[in-house]
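Tertiary structure, described
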Amino acid sequence: EAYNIVTSSSSKWDSKRVVFMDQPLPIGIGGITISTQVPNAGFSIKTLNYPPLDYSFDRLTLFYQKDFTSYNFSVRDSANQDLAFIGPFTFEPYPNASKVFLPKSKNEINIQALAPTPNQTQATIFGVCLENGKKGVMYHAIGVNGAKYKHYNEARYFADQSTVLHPDLFILSLGTNEALDYPYIDSQLFNYMDKLIETLKAKNPGVKFILTVPPDSYRKKTRRNPGIERVRDIIMRYADQHNLAYWDLYAAAGGKHSADSYKKNNLIQRDGIHFTKEGYELQGNLLYQALINSYNTYDSYRHP
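Residues numbered from 1 in each chain as written. Predicted model: local features only at pLDDT ≥ 70, side-chain atom pairs only at ≥ 80, totals over all residues. Heavy atoms only, no water.

Let us look at the packing of aromatic side chains. Taken as a whole and judged by the stated rule, the model has 10 aromatic pairs. Plain terms: the ring middles of phenylalanine 190 and tyrosine 238 are 5.0 Å apart, the flat faces sit at 65° to each other, and that makes the pair edge-to-face. Residue phenylalanine 190 is found in helix 4 (residues 189–203), and its partner tyrosine 238 is found in helix 5 (residues 227–241); the two are separated by 48 residues along the sequence. Since its relative accessible area comes to 17%, phenylalanine 190 is described here as buried. An aromatic cluster is built from Tyr262, Phe275 and Tyr280, whose rings are joined through pairwise contacts. The ring of tyrosine 218 carries lysine 263 above its face, with NZ or CZ at 5.9 Å from the centroid. (Phe/Tyr/Trp six-rings, centres within 6.5 Å; stacked < 30°, edge-to-face > 60°. Helix = DSSP H or I, 4+ residues; strand = E, 2+ residues; numbered from the N terminus. Buried < 20%, exposed > 50% of the residue type's maximum accessible area, 1.4 Å probe, protein only. Lys NZ or Arg CZ within 6 Å of the ring centre and 35° of its normal.)

A cluster of nonpolar side chains, contributed by Tyr3, Tyr50, Leu53 and Tyr55, occupies part of the molecular surface with about 420 Å² of accessible area. When you line up the elements, tyrosine 50 lands in the loop between strand 4 (42–47) and strand 5 (57–64). Assessed through its relative accessible area of 37%, tyrosine 50 is described here as partly exposed. (Patch = residues over 30% accessible without salt bridge, like charges linked within 9 Å, V, L, I, M, F, W, Y side chains within 5 Å. Areas by Shrake-Rupley, 256 points an atom, 1.4 Å probe, with all protein chains shown as cover. Salt bridge = Lys/Arg side-chain N within 4 Å of Asp/Glu carboxyl O.)

What follows deals with the pattern of salt bridges. In this structure the tally under the stated criterion is 12 salt bridges. Note that arginine 76 and aspartate 82 form a salt bridge whose closest N and O atoms lie 3.0 Å from each other. Judged by relative accessible area, which is 42%, aspartate 82 ranks as partly exposed. Two residues, aspartate 160 and lysine 203, come together in a salt bridge whose shortest N-O distance is 2.7 Å. Placement of the pair is aspartate 160 in helix 2 (residues 158–162) and lysine 203 in helix 4, with a sequence separation of 43 residues.

Our next topic: the pairing of strand 10 (residues 123–131). One ladder, built from three bridges, connects strand 3 (residues 32–36) with strand 10; its direction is antiparallel. By the bridge assignment for strand 10, threonine 36 is matched with alanine 123. Examined bridge by bridge, strand 5 and strand 10 share six bridges and lie antiparallel to one another. Considered in strand 10, the bridge of phenylalanine 63 is made with glycine 127. (Pairing = 2+ DSSP bridges.)

Moving on, we get to the packing of helix 4 against helix 5. Where helix 4 meets helix 5, the axes come as close as 10 Å, and the angle between the chain directions of the two elements is 45°. As the angle between them shows, helix 4 and helix 5 are arranged oblique. Along this stretch, helix 4 crosses helix 5, giving a crossing that reads as right-handed. Of helix 5, the residues touching helix 4 (which contributes Leu189, Phe190, Met193, Asp194, Ile197 and Glu198) are Val231, Ile234, Ile235, Arg237, Tyr238 and Gln241. (Axes fitted to C-alpha atoms, helices over the stretch in contact; angles between N-to-C directions. Parallel < 35°, antiparallel > 145°, perpendicular 65-115°, else oblique. Left-handed = near helix turned anticlockwise from the far one by under 90°. Contact = heavy atoms within 4.5 Å.)

Counting through the fold element by element, proline 93 comes out in the loop between strand 7 (82–86) and strand 8 (97–106). With a relative accessible area of 60%, proline 93 lands in the exposed category. Sequence spacing of proline 93 and alanine 113 is 20 residues, and the spatial spacing of their C-alpha atoms is 22 Å.

It is worth spelling out the pairing of strand 4 at this point. Among the six residues in strand 4, five count as buried, and that is most of the element. Sheet analysis places strand 4 next to strand 9 (residues 108–114), joined by five bridges and oriented antiparallel. The partner of lysine 46 across the bridge, within strand 9, is glutamate 108.

All right, on to helix 5 then. An α-helical segment advances 3.6 residues per turn. Residues three or four places apart therefore align on the same side. Here helix 5 is 15 residues long and its end C-alpha atoms lie 21 Å apart, about the 21 Å a rise of 1.5 Å per residue gives. Within helix 5 the residues assigned to the buried category are Gly227, Ile228, Val231, Arg232, Ile234, Ile235, Met236, Tyr238 and Ala239. Along its buried surface, helix 5 packs onto helix 3 (176–179), helix 4, strand 12 (208–213), strand 13 (245–248) and helix 6 (249–252). Asparagine 243 sits one or two positions beyond helix 5 and adopts a positive phi of about 55°. (Expected span 1.5 Å × (residues − 1).)

Right, let's get into unusual backbone geometry. Omega for the peptide link from proline 51 to proline 52 comes to 5°, which places this bond in the cis form. Checked against the element boundaries, proline 52 lands in the loop between strand 4 and strand 5. Note that the residue after tyrosine 182, namely proline 183, is joined by a cis bond; omega there is 15°. Take proline 183: it is sitting in the loop between helix 3 and helix 4. The backbone of lysine 220 shows a phi angle near 55°, a positive value even though the residue is not glycine. Tracing the sequence through the fold places lysine 220 in the loop between strand 12 and helix 5. The exposure class of lysine 220 is exposed, given its relative accessible area of 61%.

Any functional reading would require information beyond the geometric quantities listed.
Written as structure tokens, this is what we have:
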């Protein structure tokens, strides 16, 4: 989770990541599901302000298994006062999500399960979206260790719940985990990409895509990984054939064997795959530069 978001719970929850396809819990928009049969289970969410940035929120969307077996939920402030109630009372317009508005902006809430009837036996949570209604870019980050394109295709509610966010743009940053299987590279990767993208398009007409190429990394902590280049070729070929934008982070971050430089400069962790905080910040800055440079180029042609 982001450094300025803190979550906690004293309740017992079962959990599932999208990569474990044979486990029974369904997967939704967050790529990770938590579930409980404890009637009074709950969890807290706290956002930290970094002046002048204010991360308080006055509305939230709870993504959950929305059927008549689901518990109700009370949204409470830090003083345990009720602010709003959520329950499976209506199924439109969001089949597996409910949105509530809070009476005033908050930096901390508790979401408490309630079981008013014997038929309500579970709470299955797919994610939470916090908003404040202010102008700007609404950016959602969904990341799961080990996830591949094929895993999101098997996520039961992922595409359906994406519509609740009213997305304008999907940035799909996958491929590193497919490359870790080298020397085996799944022959169906191209098709997995196509299935996910076409499903998201069908659920969100008019949405745009940027595909990102994974940066150089190691396999088995220290070994070179030629699989990155093979996956890179597949992603770029798919983007070219389907007229989609892509960002070649592999080239932008140094190209072949650039993981050696990441390691030397403490930008990559000991596993040789995940980056350090500084490494991910560098990636974010490179993406920003790519976006703004492309926009400025476009703008110069639009207004010569």
